[in-house]
Amino acid sequence: MASSFRKKSHRGRGSYPAGTKISLHNNQLLISTGVPSLDGLLGGGLAVGTVLLVEEDNYACYANTLFKCFLAEGVASRHSLFLATALQDPHEIWKNLPCAVDDLNATSKVPPEGDNSMKIAWRYENMPKVESNPTAVKFGHFFDFTRTVDVARMNKVSKYEYRSRDNWSEEAEKPSSRSRSLLNPEYQNLLNSIKKVVDENGHSTSNKELKDGTILRIAIQSVESPLWCNHGDDDYSLTVFLYYLRGILRFSYAVCLITLPSHISQVPSSFCTSRKVLNSCFYCCAIRLKIYTFVKLL
């Protein structure tokens, strides 16, 4: 008599990149922001293919912390990293990323001295120890800002850099040279760099084989600051840039975090043109996060 028992198969269960998980709400592929409590507020994490716009606090303390956690989470999850900045040297940012607490615990463990032989059965004494899941990567990490990421761990991650002032020119600073285009030359160069990394390094959705490490984390620091060659309050370059960036991310395994300076986000409502430009930028992003700094007066 044939049995009706059937072994459970793994058909239909896809293999996902390291440091990702599937949302229980909408079946989207999620990555961690680097702050587990923020992941919970966002419904489990950041959806792949979206843009997170962070409005910096007055002193940019908490915004910079979130910025570093986002990049450090990519190192811990073995994701590719793309860093764009106009304020700091990218090498200084890489060097000062915090270390994951799990990495510190792993390096601090010392095997005990003495007789380590198994006492359960003598036949298992000479058998090698095997980890149950050695390739698993935890989703979301806590970080210790008193320690930095190990250089050897950092070298295993693919890193790409874009510094605004490296592509700066006097012609780009003149408003007359931009009269025929709605897009700032700096933003145009940045878009070209992101598009090139996505297409040439297997981060596009046209890549049929989804392997570990195909997630690209894009971090853009203090966009629309004067160092990005902004020209006037009626400049729609940021809106156009976010619109094109959203189109690139929609067809790629990438997530972007952008920080916006506080003096840009705190535009009074009396400046109608500036407020209109700012509101149009918010509509181009999937998530808008505003950070406040609370100062206790003595």
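Since the structure is predicted, the reported quantities are computational estimates derived from the model, not experimental observations.

J.: What is the right way to look at the overall build of the chain in this model?
T.: When helices and strands are tallied, the chain shows 10 helices and 11 strands. Relative to its 298 residues, the chain shows a buried fraction of 43%. Pairs at least 24 apart in sequence give 79% of the contacts found in the chain among residues at least 6 apart. Of the roughly 18000 Å² that the chain leaves accessible, carbon and sulfur atoms contribute 53%.

J.: What am I meant to see in the sheet that holds strand 10 (residues 254–260) here?
T.: Sheet strands line up and pair through hydrogen bonds in the backbone, either parallel or antiparallel. Taken together, 6 strands build an open sheet; the order of strands is 8-5-9-10-4-11 and the sheet is parallel. Two strands bound the open sheet, and with one partner strand each, they are strand 8 (159–163) and strand 11 (287–290). Pairs of neighbouring strands in the sheet enclose a mean axial angle of 15°, with direction left out of account. With 5 bridges connecting them, strand 4 (residues 51–55) and strand 10 associate as parallel partners. What sits directly across from Val51, in strand 10, is Cys256. Lying over the sheet, helix 2 (residues 61–76) contacts strand 4, strand 5 (80–85), strand 9 (216–220), strand 10 and strand 11, oriented at roughly 160° with respect to strand 9. Each of strand 4, strand 9 and strand 10 is contacted by helix 8 (residues 237–250), which is oriented at about 160° to strand 10, the strand it contacts most.

J.: Quick question: what am I supposed to make of the environment of Leu249 here?
T.: Take Leu249: it is sitting in helix 8. Remark: the alpha-carbon pair of Leu249 and Thr205, spanning 44 residues in sequence, is separated by 9.5 Å. Leave out the neighbours within four places in its chain, and Leu249 touches Gly49, Thr50, Val51, Ile218, Ala254 and Cys256.

J.: Explain the packing of helix 7 (residues 185–200) against helix 8 here, please?
T.: Packed helices, taken two at a time, are described by the angle their axes make and the gap between the axes. Remark: helix 7 packs on helix 8, axes separated minimally by 10 Å, with the N-to-C direction vectors making an angle of 10°. Between helix 7 and helix 8, the crossing angle belongs to the class labelled roughly parallel. Contacts between helix 7 and helix 8 involve Tyr187, Leu190, Leu191, Ile194, Lys195 and Val198 from the former and Ser237, Leu238, Phe241, Tyr244, Leu245 and Ile248 from the latter. Within the contact of helix 7 with helix 8, the residues separate by chemical class into 10 nonpolar, 1 polar and 1 charged.

J.: Just checking my understanding: could you explain helix 7 for this structure?
T.: The α-helix winds at 3.6 residues per turn, so residues separated by three or four positions along the chain end up facing the same way. Between the first and last C-alpha of helix 7 there are 22 Å, a value that for 16 residues agrees with the 22 Å anticipated at 1.5 Å per step. The complete set of buried residues in helix 7 reads Glu186, Tyr187, Leu190, Leu191, Ile194, Val197 and Val198. Projected down its long axis, helix 7 shows its buried positions confined to an angular sector of 135°, all on one face. Where helix 7 is buried, its residues meet strand 5, strand 8, strand 9 and helix 8. A side-chain oxygen of the first residue of helix 7 lies 2.9 Å from the backbone nitrogen of Glu186; this N-cap is Asn184. Among the residues trailing helix 7, Gly202 stands out with phi positive, at a value near 75°.

J.: Explain the confidence of the model for the chain here, please?
T.: For residues with low pLDDT, the predicted coordinates do not support detailed interpretation. Of the residues in the chain, 68% reach a pLDDT of 70 or more, and the chain-wide mean stands at 78. Per-residue pLDDT, averaged within each element of the chain, yields its smallest value for helix 6 (residues 170–173) (47) and its largest for strand 9 (96). Across residues 131–135, confidence stays below pLDDT 50; counting only partners more than four residues off in sequence or on other chains, it has 1 contact. Confidence over residues 175–180 falls short of pLDDT 50; this stretch has 10 contacts with residues more than four positions distant or in other chains.

J.: Can you help me understand the sheet that holds strand 1 (residues 20–22) in this one?
T.: Pairing in this open sheet of 3 strands is antiparallel, and the strands run 1-2-3 from one edge to the other. With one partner strand each, in any of the chains shown, strand 1 and strand 3 (46–47) form the two edges of the open sheet. Two strands pair when backbone bridges link them, and strand 2 (residues 29–31) and strand 3 are joined in this way by 2 bridges, in the antiparallel orientation. The partner of Leu30 across the bridge, within strand 3, is Ala47.

J.: What should I look at first to understand the pattern of salt bridges in this one?
T.: Pairs can form between side chains of opposite charge once their charged atoms are near each other. Across all of its chains, the model carries 4 salt bridges by this definition. The closest approach of N and O atoms between Arg288 and Glu55, which form a salt bridge, is 2.3 Å. Here Arg288 is found in strand 11, whereas its partner Glu55 is found in strand 4, with 233 residues between them in sequence. Residue Arg288 is classed as partly exposed on the basis of its relative accessible area of 46%. Given the relative accessible area of 0%, Glu55 is considered buried.

Calculation notes
- Within any chain, residue numbers begin from 1 and follow the written order of that chain's sequence.
- At least 70 in pLDDT is required for a residue's local features to be given in this predicted model, at least 80 for side-chain atom pairs to be given and counted, and no such filter applies to totals for whole chains, interfaces and linings, which use all residues.
- No hydrogens and no water enter the side-chain calculation; it runs on all heavy atoms of the structure.
- Here a helix means four or more residues in a row that DSSP labels H or I, a strand means two or more in a row labelled E, and each is numbered from the N terminus.
- In this scheme, a residue with accessible area under 20% of its type's maximum is buried, one over 50% is exposed, and one in between is partly exposed, where area comes from a 1.4 Å probe on protein chains only.
- Here, two residues are considered to be in contact whenever any of their heavy atoms come within 4.5 Å of each other.
- For the area figures, the Shrake-Rupley method with a 1.4 Å probe applies, and any residue is considered shielded solely by the protein chains shown.
- Two strands qualify as a pair provided DSSP detects at least 2 bridges between them.
- With axes taken as lines fitted to C-alpha atoms, and helix axes fitted only over the stretch in contact, angles between N-to-C directions fall between 0 and 180 degrees.
- If an angle is under 35 degrees, it is roughly parallel; if it is over 145, roughly antiparallel; if it lies from 65 to 115, roughly perpendicular; otherwise it is oblique.
- For this classification, Asp, Glu, Lys and Arg are treated as charged, while Ala, Val, Leu, Ile, Met, Phe, Trp, Tyr, Cys and Pro are nonpolar and the rest, including Gly, are polar.
- To estimate how far a helix should extend, the number of its residues minus one is multiplied by 1.5 Å.
- This arc describes the spread of directions from the helix axis toward the C-beta atoms.
- Whenever two N or O atoms come within 3.5 Å, that pair is a polar contact, provided that in protein one can donate a hydrogen and the other can accept it, and provided that, for residues adjacent in sequence, both atoms are side-chain atoms.
- The predictor reports its confidence for every residue as pLDDT, a score running from 0 up to 100.
- Basic side-chain nitrogens of Lys or Arg form a salt bridge, by our definition, when they fall within 4 Å of a carboxyl oxygen of Asp or Glu.

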